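Single-letter residue listing:
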Amino acid sequence: MKTTSLLRATACAILGTWSAHAFALDPLSYANYDQVRTRALHMDLKADFAKKTLSGYAELSLDWLDKSARTLDLDTRELTIAKIEAQDAKGLWSPVKYTLDKFDEEKGQALHVHLASQAPKVRIHYRTAPTASALQWLTPAQTLSGKRPFMFSQSQSINARSWVPVQDTPSVRFTYTARIEAPEGLRVVMSADNDPKATGKGGWKFNMPQPIPSYLLAIGIGELEARTLGGRTGVYAEPQRIEAAAYELADTEKMVEAAESLYGPYRWGRYDMLVLPPSFPIGGMENPRLTFLTPTMIAGDRSLVDLIAHELAHSWSGNLVTNASWKHWWLNEGFTTYVTTRILEVLYGEEVALMNLQLEQEEAIESLKDIPPAKQALLTRDPDNGSATYTDEGLAYPKGAWFLRTLEERAGRAVFDPFLRGWFDGHAFQSVTTDQFVAYLRTNLLAKHPQVMSETELAEWLHGPGIPASAKYAKSQRLSALDATTAAWLKGELPTVKLDTKGWTAAEWMKFLNDIDNKTDAARLKELDAAFGLAKTGNKEVAFRFYRAAVHAGYRDVRPQMQEFLMSVGRQKFVVPLYTALRANTEDRAWAETVYKAARERYHPETQSSVDKTMAKQ
């Protein structure tokens, strides 16, 4: 049911965050949040590892915007609803009627709660399914100790609805509290205030005082230890990994301070991190107060800490100022990728930041060959009617950052930095659209400095394919020198034994392997492996690129190490391209299928889905 113009205006006035033109309903949510909004959420849940379920209730505190509304529409996926109660003005609870719509493969089921009056609170008693898309339940054998099970969530982008009945859209922000029961000996952590001294007696209790969107709801349960890194930073990990994690993440407190020096106060209290088992499907998830991290970033030499900088940067871009729907994904990830480079520069110097940036841009250009031109825009001009109108998720990171860097280079940092901080400050704890950013850009930058970017070029960056011809490419002196080395090696002018790699950073190794991929043979890769032990490197970014080059070159001596990698690493960024490369070669296809059959159960459902599609291709 659509609201009237008067009701929309009233809603916007109450919310104080959206202009009327921006008040568009998220097509991936069933929620009627133009009529009623969740203000606060309380969860009281019990984790059952034998049944692979969470069960209990979720209590929603509501703000009614439409005075005539009597229905609360929520998002669910595979939830079993036991009963629903509503609270009246006197604080008394009574059962209410509800209906569930037909299941949709992408969006799940709409839950309609039918109310006689506008209840201040609604309580939903339910349990999750063992197949909940947000939750992965690991057996003891899938953990480091092999003794206790582990469970973790991944709610982004619309999977929160599979473990909590909510208005599952980034347009709605709410505070939350929780009480979680878990088996004795397991610690529960959430994207909230985590007390490292808590014992869990009477249930693990949490409070998130800042309002967040549903995709930032997160939970982890397992055999965990905590280490303090700084005055407001710390890390949780399995006991066998905690010391390595603490060493790798030692600079986190400095990163927070570097980000604050650029973009203002960190507004979330503490910044802790949880290093998950290897099946975690992505590099990191910016759950506020408790970033979730892949263990693949632990290289032993702090060479992959740009991932930490990225997740921390989300504390300003994404968590603080959030895309109003997933069509505007670049507002989260493009901004965060730009901020990441700035943090790295403050901490490690311009050359290190430039190397990472150049590699990022080169890999973006390389990715274009596999992305349809219509999907290469930051966003389409189509109405926000569903995911079919959305552009490539991966390209949004570097292209969005490239766009912002272009504005910065032309305006100068003395102008651009206050402009960007003003965007974060002025839209803090709000959900925004690209139209809102463009309006802010025109008013606060382009009107005063029109030479920075024309309207034609602005449209090209936002809506055009690829990278505009006017874009300036990052150029690192060290990587330029590496180009000459790589060219000489490929031509055979520089023997492998004379490659001077002693001072190479991880970025240099990654670029070198990118640049020789598909350009060399198995014999040369065997030489590289013998000289530098690349098949056994602890740096997963380097290992992945070496394995990919090995597949393309037909260097099959590394199969034992690659199999171990595919069996122990579930990060989609690595496993999907490797299976894709293996499937493309008839001599590797059967081996890949055998490995995947054994590895599949170790992967997160999201990874399983992605690899299933790859393996099904003809």
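Now for a look at the structure at hand.

Rules behind the numbers
Residues numbered from 1 in each chain as written. Predicted model: local features only at pLDDT ≥ 70, side-chain atom pairs only at ≥ 80, totals over all residues. Heavy atoms only, no water. Buried < 20%, exposed > 50% of the residue type's maximum accessible area, 1.4 Å probe, protein only. Helix = DSSP H or I, 4+ residues; strand = E, 2+ residues; numbered from the N terminus. Pairing = 2+ DSSP bridges. Arc of directions from axis to C-beta. Contact = heavy atoms within 4.5 Å. Axes fitted to C-alpha atoms, helices over the stretch in contact; angles between N-to-C directions. Parallel < 35°, antiparallel > 145°, perpendicular 65-115°, else oblique. Nonpolar A, V, L, I, M, F, W, Y, C, P; charged D, E, K, R; others polar.

## Digging into the pairing of strand E2 (residues 53-64)
Stage number 1. With nine of its 12 residues buried, E2 lies for the most part within the structure.
Stage number 2. Direction of pairing for E2 relative to strand E8 (residues 121-127): antiparallel, over a ladder of seven bridges. Paired with Ser61 across the strands is Lys121, a residue of E8.

## A few points about helix H13 (residues 522-532)
Stage number 1. Along H13, the positions that sit buried rather than exposed are Arg524, Leu525, Leu528 and Asp529. The arc that holds every buried residue of H13, seen down its axis, measures 140°, which confines them to one face.
Stage number 2. Elements in contact with the buried residues of H13: helix H11 (477-491), helix H12 (506-516) and helix H14 (540-553).
Stage number 3. A positive phi of about 60° marks Gly533, the residue just after H13.

## Side note on the environment of Ala245
Stage number 1. Tracing the backbone shows Ala245 in helix H2 (residues 242-248).
Stage number 2. Residue classification places Ala245 among the buried residues on the basis of a relative accessible area of 0%.
Stage number 3. When the C-alpha atoms of Ala245 and Ile371 are compared, they prove to be 36 Å apart, with 126 residues separating the residues in sequence.
Stage number 4. Excluding anything up to four places from it in sequence, Ala245 contacts Val235, Ala237, Val275 and Ile298.

## Thoughts on the environment of Gln436
Stage number 1. Structurally, Gln436 is set in helix H9 (residues 434-446).
Stage number 2. Judged by relative accessible area, which is 11%, Gln436 ranks as buried.
Stage number 3. Taking C-alpha positions, Gln436 is 24 Å from Asp66, a pair spaced 370 residues apart along the chain.

## Re the packing of helix H6 (residues 350-367) against H11
Describing two packed helices takes the angle between their axes plus the distance from one axis to the other.
Stage number 1. Viewed as axis vectors pointing N to C, H6 and H11 meet at an angle of 55°, and their least axial separation amounts to 8 Å. Classified by the angle their axes make, H6 and H11 are oblique. Residues Glu351, Met355 and Gln358 of H6 form the contact with H11, whose participating residues are Gln477, Arg478 and Leu479.
Stage number 2. Here the contact of H6 with H11 is built from residues that sort into two nonpolar, two polar and two charged.

## Digging into the sheet that holds strand E6 (residues 97-100)
The strands making up a sheet associate through backbone hydrogen bonding, with each pair oriented either parallel or antiparallel.
Stage number 1. With antiparallel pairing, three strands are arranged side by side in an open sheet as E3-E7-E6. With partners counted over all chains shown, the strands left at the sheet margins are strand E3 (71-76) and E6, one partner each. Each neighbouring strand pair of the sheet contributes to a mean axis angle of 20°, computed without reference to strand direction.
Stage number 2. Here four bridges tie E6 to strand E7 (residues 109-114), and the two strands are oriented antiparallel to one another. When the sheet's bridge partners are listed, Tyr98 is paired in E7 with Val113.

## Examining the sheet that holds strand E9 (residues 135-138)
Stage number 1. The strand order E9-E10-E14-E12 describes an open sheet built from four strands, whose pairing is antiparallel. Looking at which strands have only one partner, the edges of the open sheet turn out to be E9 and strand E12 (187-190). Going from strand to strand, the sheet's axes swing by 10° on average, the running direction of each strand aside.
Stage number 2. Strand direction decides the pairing type here: E9 and strand E10 (residues 150-153), joined by four bridges, are antiparallel. Its bridge partner being in E10, Trp137 is matched across the sheet by Met151.

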